[in-house]
Amino acid sequence: MWPFSGERARRVVIAGGGTGGHLFPGVAVVEAIEQLDPSVDVAFVGSPRGIEARAIPKLGYDLELIDVPMLNGAGAAGWARGLVQLPGSGFGAMGAIKRLNPGLVVSVGGYAAGPFTMLASMRGIPCALMEQNSTPGMTNRLLGKVVDQAFVSFEKTREFFPNIPCDFVGNPVRKSLLDLAEGFEYEAPEEGREFRILIIGGSGGAASFNSKLPADFCALGEQGANLRIRHQCGRGRVAEVDGGYSDFAGEAEVVEFIDDMAEAYKWCDLLICRAGASTIAEVLVLGIPAIYVPFPHAADDHQTKNAQAIAEAGAGIMIADSDVGQGRATRLLAGLLQNPISLQNLARKARTLGRPDAATIIAQKCIEML
Ligand SMILES: CC(=O)N[C@H]1[C@@H](OP(=O)(O)OP(=O)(O)OC[C@H]2O[C@@H](n3ccc(=O)[nH]c3=O)[C@H](O)[C@@H]2O)O[C@H](CO)[C@@H](O)[C@@H]1O
């Protein structure tokens, strides 16, 4: 390893991302660090393909981009291509470490976290990881063998990191949502007012929601339900999904991505969403009734495990992706619209599981590790 020269900066670097579910918990920790100790510098390292390339410049933080190949689920040809590209990623990561001179690296998982955190650790820089899901992804599983500390969102995830200190703290939630949670109490809509449904397909949108939910809502509208829909569909899908609502009796707004999630959560009476770890953490902190539809092809089916834990606690409803667009989902929705008490109960139970302090606990520990 190249020699370490000079003093390390009081800088925490969040490494990784790819999806919002990986990146935004890192943003939440950075926001908490800034609140606890404004003298600590922060920066992000990610991939040009990841959501960080668009989201972090908007937030005004420093960002280094490293091209890292995707290996998990890439097939034999993908692995072969990836292994050829890996040395280039290593050089990219070394350059970024030299430029940023981190005092602490925190992996949030995702491909770009791998080489950067691995090389930082080999250089003797303190490193930690945050795992959002009950079953860790490939990158964090590997990094668990070299980093100094893990933070996990599910108690049972500790078993994946037996050789390092591992704190069960929950999944950090961004400040805008914590601010909303303070003083927020879900209230089911009063009789006579339209019922507002928010559809979130994870940070990238959900194909089955896009292709099947509009028809479900058109059918409910025809049966007389007074609905208003906000449907987040992912990049490049607005025209197609908007078309699906052309016969809808109520008002439907279709958007690629929602920047202000606090406003959207506050607006809705019911959320229909995937079971990504960050969406779940946010819903629990706020206490909102939600129907979870796990993405059936997530690595190790981790979304089903995430949603099962919530459904078993009575804090949300889980239905299978194959049930979307079928009578069962429509009947379930029709039943919930008639039953404000059960919505209220789901919301109340959800809130008891929220971990609003996760970001501050991790931030505090990061500052100690610098
Ligand atoms: C398909 C897949 O494998 N997805 C994974 C991905 O999350 P993915 O990004 O798909 O989903 P998550 O639910 O975890 O997170 C979404 C995040 O994006 C935000 N958001 C979403 C939509 C929008 O319009 N605006 C917005 O800001 C949400 O508020 C949330 O913070 O990483 C998560 C964390 O490792 C995993 O649990 C998910 O299973």
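Note that the structure is a prediction, hence the values are computed from the model and not measured.

1. Let's talk about the UniProt feature "binding site: UDP-N-acetyl-alpha-D-glucosamine" (unreviewed entry) in the protein
Working step 1: Feature annotation in UniProt places "binding site: UDP-N-acetyl-alpha-D-glucosamine" (unreviewed entry) on T19, G20, G21, N133, R174, S203, I258 and Q303, given in this structure's numbering. In three dimensions, the annotated residues from a span of 285 residues occupy distinct locations, with a maximal C-alpha spread of 22.6 Å.
Working step 2: With a relative accessible area of 3%, G20 lands in the buried category.
Working step 3: Excluding residues within four positions of it along the chain, G20 makes contact with P25, I51, S203 and S278.
Working step 4: Relative to the elements of secondary structure, I258 occurs in the loop between β10 (251-255) and α9 (261-267).
Working step 5: Every residue in contact with I258, bar those within four places of it in the chain, is listed here: L198, I200, Q232 and A264.

2. Looking at the site of the ligand
Working step 1: In the vicinity of the ligand there are 25 residues, among which N133, S203, T279, E282 and H302 approach most closely.
Working step 2: G21 places a main-chain nitrogen or oxygen 2.8 Å from an oxygen atom of the ligand.
Working step 3: Q303 places a side-chain nitrogen or oxygen 2.7 Å from an oxygen atom of the ligand.
Working step 4: Bound to the protein, the ligand loses 92% of the 750 Å² it would expose on its own.
Working step 5: Only α1 (20-36), α9, α10 (277-286) and α11 (302-312) provide two or more residues apiece to the shell around the ligand.

3. Considerations on helix α14 (residues 358-369)
Each turn of an α-helix holds 3.6 residues, which means side chains three or four residues apart point in the same direction.
Working step 1: In this model α14 runs 17 Å from its N-terminal to its C-terminal C-alpha over twelve residues, within 8% of the 16 Å that 1.5 Å per residue would give.
Working step 2: Within α14, the full set of buried residues consists of A358, A359, I362, A363, C366, I367 and M369. Summarising the axial view, the buried residues of α14 lie within an arc of 160 degrees, below the 170-degree limit, and thus occupy one face.
Working step 3: Each element contacted by the buried residues of α14 is listed here: α1, β4 (104-107), β5 (127-131) and β6 (149-152).

4. Description of the sheet that holds strand β12 (residues 290-292)
Working step 1: Read from one edge of the open sheet, six strands run β10-β9-β8-β11-β12-β13, paired in parallel fashion. For this open sheet the edge positions go to β10 and β13 (317-318), each flanked by a neighbour on one side alone.
Working step 2: Bridge count for strand β9 (residues 227-232) against β10 is five bridges, and the pairing is parallel. Residue pairing in the sheet places R230 in a bridge with E253 of β10.

5. Notes on the side chain of E64
Working step 1: Among the secondary structure elements, E64 is positioned in strand β3 (residues 62-65).
Working step 2: Here the side chain of E64 touches R99 through a polar contact of 2.8 Å, side chain to side chain.

6. Here's the deal with the domain arrangement of the protein
A common way to express how large an interface is: the accessible area buried when the components associate.
Working step 1: By domain assignment, the protein separates into domain 1 (11-173 + 356-369) and domain 2 (179-352).
Working step 2: For domain 1 versus domain 2, the separation of C-alpha centres amounts to 29 Å.
Working step 3: With 19 residues of domain 1 at the interface, the matching set in domain 2 holds 15 residues.
Working step 4: Buried surface at the junction of domain 1 and domain 2, both sides included, amounts to about 1200 Å², of which 57% is carbon and sulfur.
Working step 5: Considering only the side of domain 1, the residues that lose the most area to domain 2 are N133, T135 and V173, jointly responsible for 31% of the buried surface there.
Working step 6: Counting the contacts that link domain 1 with domain 2 gives two salt bridges.
Working step 7: D259 is paired through a salt bridge with K58; the nearest N and O atoms lie 3.3 Å apart.
Working step 8: Where domain 1 packs against domain 2, one counts seven residue pairs in polar contact (both at pLDDT 80 or more).
Working step 9: Ranked by residue count, the leading element in the side of domain 1 that touches domain 2 is α1, at four residues.
Working step 10: The class makeup of the residues in the side of domain 1 that touches domain 2 is seven nonpolar, nine polar and three charged.

Reading the values: the criteria
Residues numbered from 1 in each chain as written. Predicted model: local features only at pLDDT ≥ 70, side-chain atom pairs only at ≥ 80, totals over all residues. Heavy atoms only, no water. UniProt positions renumbered as here; feature names shortened; annotations may be inferred. Buried < 20%, exposed > 50% of the residue type's maximum accessible area, 1.4 Å probe, protein only. Contact = heavy atoms within 4.5 Å. Helix = DSSP H or I, 4+ residues; strand = E, 2+ residues; numbered from the N terminus. Near = heavy atom within 4 Å. Polar contact = N/O pair within 3.5 Å; in protein donor to acceptor, adjacent residues only side chain to side chain. Areas by Shrake-Rupley, 256 points an atom, 1.4 Å probe, with all protein chains shown as cover. Expected span 1.5 Å × (residues − 1). Arc of directions from axis to C-beta. Pairing = 2+ DSSP bridges. Domains from an automatic or database assignment. Buried area = accessible area lost by both parts, 1.4 Å probe. Salt bridge = Lys/Arg side-chain N within 4 Å of Asp/Glu carboxyl O. Nonpolar A, V, L, I, M, F, W, Y, C, P; charged D, E, K, R; others polar.

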